[in-house]
Amino acid sequence: MSEKAFQDYYPADLSHCYGCGNNNAHGHQIKSFWDGEETVAEFNPLPEHTAIPGFVYGGLIASLIDCHGTGSASAAAYKAAGRELGSEPALRFVTANLNVDFLAPTPMGQTLKLRGTITECKEKKVVVDITVSAGETVCAKGRVIAVKMPASMAS
Ligand SMILES: CCCCCCCC/C=C\CCCCCCCC(=O)SCCNC(=O)CCNC(=O)[C@H](O)C(C)(C)COP(=O)(O)OP(=O)(O)OC[C@H]1O[C@@H](n2cnc3c(N)ncnc32)[C@H](O)[C@@H]1OP(=O)(O)O
C-alpha cells in the first residue's frame, strides 16, 4: 500500500508506542489503513513471537489488536468530525479496555490480517471490533474501547 498509514500522522513526540510507534525500533510498528468503512493492517510474526513452536504468541496478537484499535479509533474520530487525518487539534485515543478471544491456533509463517469495524464512535469514546486472520481462518477477535487520551499522558 502506498498511502500514508494512520500511525504516520502521529507526531514524533507521541510515536514511541511499542505496538505502533514509528520511533520505536524494537516495536511492532503496525500500520493501519482504511478499506472502505473498515480498517485493515497486516503483520508478519517473527520467530521471537513464538508461543509453542509453529504458533504465534497470544500477547503479540493482543498487542496488534490494541494498536490497530487505537489507530482506527483516531481515524474514525477524524472521519466523524469531517477533518483531515492529522489536522490540529489532534484527536488522540488510548486503550481503556482490551478484550481478546483466541478462536484458533495462529500459525507462524503466514501474514496476519487485521480488519476493524467501528462499532461506536462518540466524541470521547470509540469502540472498534477487530478480527485477526491467517488465510481463511479467523484466529482471534477482539474489542478495543478507546478513550480520548487524558492530558496527563501528554507532556
Ligand atoms: C489517525 C490519525 C491520527 C493523527 C493524530 C493522532 C495522534 C495520536 C497520537 C498518539 C496516540 C498514541 C496511541 C498509542 C496508544 C497505544 C495503546 C496503549 O497502549 S495506551 C496505554 C494503555 N492505556 C492507558 O494507560 C489508559 C489509562 N487509563 C486512563 O487514562 C483512563 O482510565 C481513561 C482515559 C482510559 C478513561 O478515563 P475516564 O474513566 O476518566 O473516562 P470517562 O470520561 O469516565 O469515560 C469515557 C467513556 O469511556 C468509558 N470507559 C472508561 N474507562 C473504561 C474501561 N476501563 N472500560 C470500558 N469503558 C471505559 C466510560 O464508560 C465512558 O463511556 P460512555 O461515554 O459513558 O459511553
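Parameters at a glance
- Residues numbered from 1 in each chain as written.
- Predicted model: local features only at pLDDT ≥ 70, side-chain atom pairs only at ≥ 80, totals over all residues.
- UniProt positions renumbered as here; feature names shortened; annotations may be inferred.
- Helix = DSSP H or I, 4+ residues; strand = E, 2+ residues; numbered from the N terminus.
- Near = placed C-beta within 6 Å.
- Nonpolar A, V, L, I, M, F, W, Y, C, P; charged D, E, K, R; others polar.
- Core = buried A, V, L, I, M, F, W, Y, C linked by C-beta atoms within 7 Å.
- Buried ≥ 20, exposed ≤ 12 C-beta atoms within 10 Å, placed from the backbone.
- Contact = placed C-beta atoms within 7 Å.
- Expected span 1.5 Å × (residues − 1).

As named in an unreviewed UniProt entry, the chain is Acyl-coenzyme A thioesterase THEM4, taken from Terasakiella brassicae. Quoted straight from UniProt, the Sequence similarities (unreviewed entry) entry for the chain says "Belongs to the THEM4/THEM5 thioesterase family."

1. Regarding the UniProt feature "domain: Thioesterase" (unreviewed entry) in the chain
What UniProt calls "domain: Thioesterase" (unreviewed entry) maps, in this numbering, to residues 54-137. For residues 54-137, helix accounts for 27% and strand for 37%, while the C-alpha atoms at its two ends are 16 Å apart.

2. A short note on the site of the ligand
F6, L14, V94, A96 and N97 are the nearest of the 29 residues found near the ligand. At the level of secondary structure, the elements contributing two or more residues to the shell around the ligand comprise α1 (58-80), β3 (93-102) and β6 (137-148). Here the shell around the ligand takes seven residues from α1, the largest share from any one element. Of the residues in the shell around the ligand, the class split is 17 nonpolar, seven polar and five charged.

3. Digging into the nonpolar core
Side chains of nonpolar character tend, in soluble globular proteins, to be buried together. Counting 30 residues, the largest nonpolar core has I61, L64, I65, A73, L114, V126 and V132 as its most contacted members. Going through the elements one at a time, β2 (38-43), α1, β3, β4 (112-121), β5 (125-134) and β6 are the ones with two or more residues in this core. The element that contributes the greatest number of residues to this core is α1, accounting for nine residues. Apart from residues no more than four positions distant in its own chain, V126 is found in contact with A73, A76, A77, F93, I118, E120, C121 and A146.

4. With respect to α1
Residues that lie three or four places apart on an α-helix share one face, since the helix turns once every 3.6 residues. An ideal rise of 1.5 Å per residue puts 33 Å on 23 residues; α1 measures up with 32 Å between its terminal C-alpha atoms. Of all 23 residues in α1, 17 are buried, a share of seventy percent or more. Once α1 ends, the next one or two residues include G82, with phi positive near 70 degrees.

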